[in-house]
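# Commentary on secondary and tertiary structure
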Amino acid sequence: MNGYDNHQWEQSSQLHIPHNNWYGEAQWISATLPELGYTKVNKFSLDRLSYENTGTWSSIGHLPSAAFENTRDNITYHWQIEHNGSWQWEIGDFKDQLYVLISGPTENESHWWKQLSSGETFTTIPVAISVVEGGLQDALQEVNRYRRRIIKPCLDIQTLPVIFNDYMNCLFGDPTTEKLKPLIDAAAEAGCEYFCIDCGWYSDGPWWNGVGEWKPSQARFPNGIQEPIQYIVEKGMIPGLWLELEVIGIECALATMLPDECFFLKHGKRVIDHQRYQLDFRHPLVREHATQVIKRLVEEYGVAYIKMDYNINAGVGTEYMADSVGDGLLQHNRAYLAWLKSTMEYYPQLVIENCGSGGLRMDYAMLQHHSIQSITDQTDYKLMASIAASAASAVTPEQSAIWSYPLREGDREEVVMNMINAMLLRIHQSGHLSELSPERFDLVKEGIALYKTYREQIPNMTPHWPLGMPSFQSPWIAFYLKQDGEVYLAVWRMDSEEESLCVPVDFAANTPAKLDCIYPSYDNEHHRWHEQSATANIIIKEKYSARLFKISAQ
């Protein structure tokens with residue numbers, strides 16, 4: 001990176017790193033290089049700051065992206081590694097110059113190397129780099145525009161239908177016809193448009209190490225799984241099912257029927273992670289198995305939505321038919337993407353959600369194809385606020401699915417915060433809706449009905465973080481989407497002792513504007529727009545409460 005000499009980069013730069021963990025996705029940490037332990041002590045250094053991911057989860061620990069800000073010259077570089085496997089990037093210095101090295105799998109970090117024969121070629125994984133005038137938020141807005149250009153166009157990403165999923169803070173993988181029907185009734189009444197039956201539908205009891213055949217449990221569905229699926233259709237919704245198609249449990253009968261070459265192999269034995277085998281999508285038998293499962297779900301069961309989950313990390317790779325285990329992994333990564341692309345082309349109306357224990361495989365090798373991404377498995381709606389407000393830094397808002405799961409026992413502020421967590425992104429509705437009080441259920445209906453009035457604007461709106469990037473320690477959190485003179489602003493009061501806050505909005509000073517609290521409708525606080533400073537004065541009386549606003553320039 002040109003422009004730095006002597007010691008200037010120590011005082012006039014920041015590295016922005018997106019930490020990404022299970023239940024704690026898309027949390028940005030910003031620090032100077034010395035604060036991270038990197039200081040200039042010689043003409044050049046033998047040290048570096050290195051961040052990497054190894055394995056089949058592409059975003060465990062960190063997102064495959066980061067940003068470097070030159071605060072002296074007001075320039076920020078953002079990079080995005082577009083790969084669904086191992087990657088590495090590092091920053092260091094040499095002769096008074098900083099460098100950034102951005103890579104896919106490497107030999108040192110990922111056990112990857114490949115021998116090229118005479119005339120043979122190799123294509124590296126793609127990396128997208130943006131350079132902007134401004135800081136981190138300017139860079140995130142630019143990469144958001146880029147992501148929108150590379151996503152496969154489809155109706156789902158334009159219309160943003162509301163999805164009910166029976167898992168989170170609800171059935172938790174224990175669906176039956178009897179349990180599903182009241183949820184289906186409530187989801188339809190609330191205004192949901194898809195209903196996805198989550199995990200457990202294929203097993204009579206505990207199922208973790210027995211998955212792989214994906215056939216409905218007779219015990220759970222005595223009249224067949226078509227009964228709840230048909231009931232979903234009768235209620236005016238589109239049915240979906242959960243799958244984890246890339247693995248087979250060690251107790252699954254199918255595992256004994258497929259040859260070892262269908263699985264990841266290391267030291268001559270099948271790789272096992274959390275009692276599952278990892279299927280190798282280079283093998284034609286694996287692709288045929290996966291294709292036949294999809295065919296059965298779509299053509300026989302009538303499913304039009306699949307939540308494609310992935311809950312293991314198969315490690316460095318496979319030694320079968322590869323120069324290195326990392327080479328085997330890279331070949332598999334690319335084979336899976338090719339299979340996914342062909343499946344989506346064959347079933348263009350099928351929506352396939354990307355999920356990897358929430359957001360642990362959140363990358364734009366996958367998300368060029370998937371129209372929707374499960375951001376997190378977080379079960380606490382209060383902690384969800386920081387994740388929801390940060391989600392658009394990792395994924396476009398229109399792809400970012402966030403859970404809203406009103407609790408069986410709670411108050412109306414709990415329902416409102418649950419809803420607002422999702423209402424500027426994609427609504428993944430859940431919770432025992434059929435057991436809510438009428439007042440709390442009506443707040444769910446109100447939120448979904450309001451969302452439908454503006455959701456088709458979301459794919460054209462720009463994300464903003466007016467209080468900076470949120471964290472789990474933030475006393476207040478704010479996130480908004482803006483297009484021209486229209487803003488939809490979500491504000492969360494977390495553990496702050498203050499009841500009011502001024503939120504800056506990206507309008508020119510002295511811009512007259514109309515500020516309305518649009519959800520919940522019972523809010524009667526006197527929120528004010530300050531024209532001179534282009535700020536919204538927000539009042540929220542209770543801790544762990546949220547409000548949604550619309551601001552329109554006049």
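Scoring rules and cut-offs
Residues numbered from 1 in each chain as written. Predicted model: local features only at pLDDT ≥ 70, side-chain atom pairs only at ≥ 80, totals over all residues. Heavy atoms only, no water. Axes fitted to C-alpha atoms, helices over the stretch in contact; angles between N-to-C directions. Helix = DSSP H or I, 4+ residues; strand = E, 2+ residues; numbered from the N terminus. Parallel < 35°, antiparallel > 145°, perpendicular 65-115°, else oblique. Contact = heavy atoms within 4.5 Å. Nonpolar A, V, L, I, M, F, W, Y, C, P; charged D, E, K, R; others polar. Core = buried A, V, L, I, M, F, W, Y, C linked by side-chain atoms within 4.5 Å. Buried < 20%, exposed > 50% of the residue type's maximum accessible area, 1.4 Å probe, protein only. Pairing = 2+ DSSP bridges. Domains from an automatic or database assignment. Buried area = accessible area lost by both parts, 1.4 Å probe. Expected span 1.5 Å × (residues − 1). Phe/Tyr/Trp six-rings, centres within 6.5 Å; stacked < 30°, edge-to-face > 60°. Lys NZ or Arg CZ within 6 Å of the ring centre and 35° of its normal. Right-handed = clockwise from strand over helix to strand, strands pointing away. Polar contact = N/O pair within 3.5 Å; in protein donor to acceptor, adjacent residues only side chain to side chain. Salt bridge = Lys/Arg side-chain N within 4 Å of Asp/Glu carboxyl O.

Now for the packing of helix α6 (residues 177–190) against helix α13 (residues 438–454). At a minimum axis separation of 9 Å, α6 and α13 run at an interaxial angle of 50 degrees. Compared by their axis directions, α6 and α13 come out oblique. Where α6 abuts α13, its residues Ala186, Glu189 and Ala190 lie against Phe441, Val444, Lys445 and Ile448. Here the contact of α6 with α13 is built from residues that sort into 5 nonpolar, no polar and 2 charged.

As a further point, take the nonpolar core. Among the nonpolar cores identified, the biggest contains 130 residues, and Phe195, Trp201, Leu243, Ile294 and Trp492 are the most heavily contacted of them. Discounting chain neighbours no more than four positions away, the residues touching Trp492 are Ala385, Ala389, Met417, Ile420, Asn421, Pro475, Trp476, Ile477, Ala478, Phe479, Ser545 and Ala546. Ala478, Ala513, Leu515 and Phe549 belong to the second largest nonpolar core, which has 19 residues in total.

All right, on to the sheet that holds strand β3 (residues 49–53) then. For sheets, the rule is that strands pair by backbone hydrogen bonds, running either parallel or antiparallel. Reading across from one edge, β3-β7-β8 is the order of the 3 strands in this open sheet, with antiparallel pairing throughout. At either margin of the open sheet sits one strand with a lone partner, and together these are β3 and β8 (97–103). Strand-to-strand twist across the sheet, computed as the mean angle between neighbouring axes with direction ignored, equals 10 degrees. Two strands pair when backbone bridges link them, and strand β7 (residues 87–94) and β8 are joined in this way by 7 bridges, in the antiparallel orientation. Counted as the bridge partner of Gly92 is Tyr99 from β8.

Segmenting the chain into domains produces domain 1 (9–150), domain 2 (155–374) and domain 3 (463–553). Averaged C-alpha coordinates put domain 1 and domain 2 at centres separated by 31 Å. Each partner contributes residues to the interface: domain 1 has 32 residues there, and domain 2 has 31 residues. Buried area between domain 1 and domain 2, summed over both chains or domains, comes out near 2600 Å², and the portion from carbon and sulfur atoms is 57%. Taken as a group, Thr56, Trp57 and Asn84 account for 31% of the area that domain 1 buries against domain 2, more than any other trio of residues on that side.

Turning next to α13. For α13, spanning 17 residues, the distance from its first C-alpha to its last is 25 Å, which sits close to the expected 24 Å at 1.5 Å a residue. For α13, the complete set of buried residues consists of Arg440, Phe441, Leu443, Val444, Gly447, Ile448, Leu450, Tyr451 and Tyr454. Its buried side turned inward, α13 meets α6, α12 (412–422), β22 (426–429), β25 (486–493), β27 (513–519) and β30 (545–553).

Here we take up the packing of aromatic side chains. Summed over all chains, the structure comprises 24 aromatic pairs. When the ring centre of Trp208 is taken as origin, the NZ or CZ atom of Arg276, which lies over that ring, is 3.5 Å away.

Before going further, it helps to spend a moment on the sheet that holds strand β26 (residues 500–504). Spatially, 3 strands are ordered β26-β29-β28 in an open sheet, and the strand pairing comes out antiparallel. Whereas interior strands pair on both sides, the edge strands pair on one side only; in this sheet they are β26 and β28 (528–530). Across the sheet, the axes of successive neighbouring strands diverge by a mean angle of 25 degrees, strand direction being ignored. Pairing of β28 with strand β29 (residues 535–539), which is carried by 3 bridges, proceeds in the antiparallel orientation. Directly across from Arg528, in β29, lies its bridge partner Asn537.

With respect to the element layout, Ala304 can be found in the loop between α9 (284–300) and β18 (305–308). The class for Ala304 is partly exposed, based on a relative accessible area of 24%. Through-space distance from the C-alpha of Ala304 to that of Leu340 is 15 Å; in sequence the pair is 36 residues apart. With residues up to four places along the chain from it excluded, the contact list for Ala304 reads Tyr194, Ile238, Pro239, Gln349, Leu350 and Val351.

This part takes up the pairing of strand β12 (residues 238–243). With 5 of 6 residues buried, β12 lies mostly within the body of the structure. Across 4 bridges, the pairing between strand β11 (residues 194–197) and β12 is parallel. Looking across to β12, one finds that Phe195 is bridged to Pro239. The handedness of the β11 to β12 crossover, carried by helix α7 (residues 226–234), is right-handed. Note: β12 against β18, 4 bridges, orientation parallel. Paired with Trp242 across the bridge in β18 is Lys307.

Among the structural elements, Asn169 can be located in helix α5 (residues 167–171). Polar contacts involving the side chain of Asn169 include one to the main-chain carbonyl oxygen of Thr379, which spans 3.0 Å. Once residues lying within four places of it in the same chain are set aside, the contact partners of Asn169 are Thr379, Tyr405, Leu407, Gly431 and His432.

Moving on, we get to α9. Between its terminal C-alpha atoms α9 stretches 23 Å, which fits the 24 Å expected from 17 residues at 1.5 Å a residue. Taken together, the buried positions of α9 are occupied by Val286, His289, Ala290, Val293, Ile294, Arg296, Leu297 and Val298. Against the buried residues of α9 lie β12, α8 (254–257), β18 and α10 (325–346). After α9 finishes, the residue Gly302 shows a positive phi value of roughly 80 degrees.

Applying the stated criterion across every chain, the model contains 31 salt bridges. The partner of Arg440 in a salt bridge is Glu414, and the shortest N-O contact between them spans 2.3 Å. Residue Arg440 is found in helix α13, and its partner Glu414 is found in helix α12; the two are separated by 26 residues along the sequence. Here Arg440 and Glu414 have matching classes, each one buried. The closest approach of N and O atoms between Arg547 and Asp523, which form a salt bridge, is 2.7 Å. Taken as a pair, Arg547 in strand β30 and Asp523 in the loop between β27 and β28 lie far apart in primary sequence, 24 residues in all. We note that Arg547, like Asp523, is buried.

Right, let's talk about unusual backbone geometry for a bit. Pro520 follows Tyr519 through a cis peptide bond whose omega is 0 degrees. When you line up the elements, Pro520 lands in the loop between β27 and β28. Here Ala26, not a glycine, exhibits a phi torsion of approximately 55 degrees, which is positive. Assignment of secondary structure puts Ala26 in strand β2 (residues 24–31). Owing to a relative accessible area of 0%, Ala26 belongs among the buried residues under this scheme. With phi around 55 degrees, Ala534 is a residue other than glycine that occupies positive phi space. As for its position among the elements, Ala534 is in the loop between β28 and β29. In this structure Ala534 comes out as buried when scored by relative accessible area, which is 3%.

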